[in-house]
Amino acid sequence: MSQILSLELSDELYTSLKQQAEVFGLSVQELIVSSLMEQSSRNQSERSLTVAEKEAVRERFRRHAGSIDLGYATGIDNEGIDADLARAYDSKDDLGE
C-alpha cells in the first residue's frame, strides 16, 4: 500500500533537488523517496540494538582507550632523559665497552 504526500518546497530547494536528481538520473520525486527510504533504513538499524547491546558496544570501545606504559621515557623531560643516558653510558663503561 502506498500513500500520496504533497509537499511545498521553496524554489531554491526545488532547484537544488532537481540538480541532484539529474546527476543520478532520477526525477525529483524519486530522489526524495530514495533519500527518505535510506534515512529510514539507517534509523531502523540504529534502533535495532537493545540497551544492553549498546552498552556492550560502548564497553568494547572503552577497552581501546587508556594509557600504555612502554617502560621508558617518551616525553620531553630533558633532565630525566639526560639521567637515563648517563646511566646507560656508565653501565657500558662498567662492562668494558
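What you see is a predicted model; the values in this text were computed from it and never measured.

Chemist: Before we go on, may I ask you to explain the overall build of the protein chain in this structure?
Modeler: Helix and strand counts for the protein chain come out as four helices and zero strands. Written out in order from the N terminus, the α and β elements of the protein chain read α-α-α-α. By element, 54% of the accessible surface of the protein chain is carried by carbon and sulfur atoms, the whole surface being about 9,200 Å².

Chemist: Would you explain the confidence of the model for the protein chain in this entry?
Modeler: Overall, the predicted model of the protein chain reaches an average pLDDT of 83, with 89% of residues at or above 70. Within the protein chain, the element-level pLDDT minimum falls on helix H4 (residues 78-94), averaging 80, and the maximum on helix H1 (residues 11-24), averaging 93.

Chemist: What is the right way to read the pattern of salt bridges from this model?
Modeler: In a structure, side chains of opposite charge can pair up when their charged atoms sit close to one another. Per the stated rule, a full pass over the model turns up four salt bridges. Ionic pairing is found between Arg-58 and Glu-55, a salt bridge with its closest N-O pair at 3.5 Å. Of this pair, Arg-58 and Glu-55 both sit in helix H3 (residues 51-62), three residues apart, which is roughly one turn of the helix. Salt bridges linked by common partners bring Glu-55, Arg-58, Glu-59 and Arg-62 together as one network.

Chemist: Would you mind showing me how to read H1 here?
Modeler: The α-helix advances 3.6 residues per turn, and as a result positions three or four apart in sequence lie on the same side. Over its 14 residues, H1 extends 20 Å from the first C-alpha to the last, a length consistent with the 20 Å expected when each residue adds 1.5 Å. Among the residues trailing H1, Gly-25 stands out with phi positive, at a value near 70 degrees.

Chemist: Would you take a moment to explain a nonpolar patch on the surface for this structure?
Modeler: The grouping of Val-23, Phe-24 and Leu-26 at the surface amounts to a nonpolar patch, some 330 Å² of accessible area in total. Locating Leu-26 in the fold gives a position in the loop between H1 and helix H2 (28-47). By relative accessible area, Leu-26 is classed as partly exposed at 33%.

How each quantity is defined
- Residues numbered from 1 in each chain as written.
- Predicted model: local features only at pLDDT ≥ 70, side-chain atom pairs only at ≥ 80, totals over all residues.
- Heavy atoms only, no water.
- Helix = DSSP H or I, 4+ residues; strand = E, 2+ residues; numbered from the N terminus.
- Areas by Shrake-Rupley, 256 points an atom, 1.4 Å probe, with all protein chains shown as cover.
- pLDDT = per-residue confidence, 0-100.
- Salt bridge = Lys/Arg side-chain N within 4 Å of Asp/Glu carboxyl O.
- Expected span 1.5 Å × (residues − 1).
- Patch = residues over 30% accessible without salt bridge, like charges linked within 9 Å, V, L, I, M, F, W, Y side chains within 5 Å.
- Buried < 20%, exposed > 50% of the residue type's maximum accessible area, 1.4 Å probe, protein only.

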